[in-house]
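Read off the chains here:
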Amino acid sequence: MLETVTSMKTSEAGDILAETAPKGDAEKRGRKASKEVRRLQLIEATIDSLAKRGYAETTMADVADGAGLSRGIVNFHFESKEKLLIATLQHMYDEYSAHWRASLQKAGDDPARQLQQLVWADFDRSICNKRKLAAWLAFWGEAKSRPTYQALSSSRDNYYQQVFIDLCTTLKHSGSYAYEPQAMALALSAMLEGLWLRLMMGTEDTTRETALLAANEFLSAAFPKHYPLKGATKA
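For clarity, every value in this text was computed on a predicted model and none was experimentally measured.

Next up on the list: the side chain of S49. Along the chain, S49 turns up in helix α2 (residues 11-53). A residue is classified by how much of its surface remains accessible, and S49, at 1% relative accessible area, is buried. Among residues more than four places away in sequence, those in contact with S49 are G54, T58 and D62.

Shown next, in the form of structure tokens:
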């Protein structure tokens, strides 16, 4: 169509092109935005349902009702419950990844600050709240029997873990610590996952604040030259 219009030798053709092309682009952008908005609505409703009902009891109908959309809309965008749940897990991983990467960038070039920011990021309210923790727990309970979930999480977890290993390696050399970096990184990850699990289960009156305090204490104990106790609390 563009070739046809530009071949026309009148100024009217130029006016038509100037008016119709932007309108067509706007319509396409509007349709794309609408589709993305609907998908996000359904994914957020799925997270709500997982937090409220758990994995097995969440249905496409629950999601549609929670999003305030028709059940046909859910089927149009995701076709099946399994595809909806995979998209939801993908979304949660993307959100978590973007969050910790932003925290890492915020820390600048100081490895001690980078590690501290990564730990703190895990307890930020936007990521660490009852609703999302409950949804994570629902997925974790299904991961062992669902290879798709394992494949989705494996590559992301491996990369995230390597960041911890690299930082622990750097801190070992700068602080002359005796630990083995990979083992320390594993201990650090296990500590963070354990605190999340306690928050999910609501055990021992664990809160975001007490969990963050425990994480800070771990940093001070593991890397005393970089995190003295008096400076371990978040500013």
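This model, assessed by the stated rule, comprises 13 aromatic pairs. Feature note: the residues Y93, Y96, W100, W136, W140, Y159, Y160, F164 and W196 constitute an aromatic cluster, connected by ring pairs. Directly above the aromatic system of Y55 lies the positively charged group of K81, at a separation of 5.5 Å from the ring centroid.

Quick look at helix α4 (residues 71-78) now. Along an α-helix, residues three or four apart share an orientation, since each turn contains 3.6 residues. When we look at burial in α4, the residues that qualify are V74, H77 and F78. Looking straight down α4, one finds that the buried residues subtend no more than 75° of arc, so they occupy a single side. Where α4 terminates, the next one or two residues include E79, which has phi positive at roughly 70°.

So, about unusual backbone geometry. The phi dihedral of E79 is positive, around 70°, even though this residue is not glycine. Turning to its location among the elements, E79 is positioned in the loop between α4 and α5 (81-106). For E79, a relative accessible area of 56% puts it in the exposed group. Look at S176: it is not a glycine, yet its phi comes out positive at around 55°. Here S176 shows up in the loop between α8 (147-175) and α9 (181-201).

Another aspect to go through is the packing of helix α6 (residues 111-121) against helix α10 (residues 208-222). Put simply, α6 and α10 touch, their axes get as near as 10 Å, and they point 155° apart. Between α6 and α10, the angle falls in the class roughly antiparallel. When the axes of α6 and α10 are compared, the crossing they make is right-handed. Across from L115, Q116, V119 and W120 in α6, the residues of α10 making contact are L212, A215, N216 and L219.

This paragraph deals with the pattern of salt bridges. Applying the stated criterion across every chain, the model contains seven salt bridges. Measuring nitrogen to oxygen at the nearest pair gives 2.4 Å for the salt bridge that ties R131 to E44. Note that R131 is positioned in helix α7 (residues 130-143) and E44 in helix α2, a separation of 87 residues in sequence. Here K83 makes a salt bridge to E79, at a shortest N to O gap of 2.6 Å. Here K83 falls in the partly exposed class, since its relative accessible area comes to 44%. Via salt bridges that share partners, E44, D48 and R131 belong to a single interconnected network.

Below, the discussion takes up α5. Between its first and last C-alpha, α5 extends 37 Å over 26 residues, near the 38 Å set by a 1.5 Å rise per residue. Taken together, the buried positions of α5 are L84, L85, A87, T88, L89, M92, Y93, Y96, S97, H99, W100 and S103. One or two residues past the end of α5 sits G108, with phi positive at roughly 75°.

What counts and how
- Residues numbered from 1 in each chain as written.
- Predicted model: local features only at pLDDT ≥ 70, side-chain atom pairs only at ≥ 80, totals over all residues.
- Heavy atoms only, no water.
- Helix = DSSP H or I, 4+ residues; strand = E, 2+ residues; numbered from the N terminus.
- Buried < 20%, exposed > 50% of the residue type's maximum accessible area, 1.4 Å probe, protein only.
- Contact = heavy atoms within 4.5 Å.
- Phe/Tyr/Trp six-rings, centres within 6.5 Å; stacked < 30°, edge-to-face > 60°.
- Lys NZ or Arg CZ within 6 Å of the ring centre and 35° of its normal.
- Arc of directions from axis to C-beta.
- Axes fitted to C-alpha atoms, helices over the stretch in contact; angles between N-to-C directions.
- Parallel < 35°, antiparallel > 145°, perpendicular 65-115°, else oblique.
- Left-handed = near helix turned anticlockwise from the far one by under 90°.
- Salt bridge = Lys/Arg side-chain N within 4 Å of Asp/Glu carboxyl O.
- Expected span 1.5 Å × (residues − 1).

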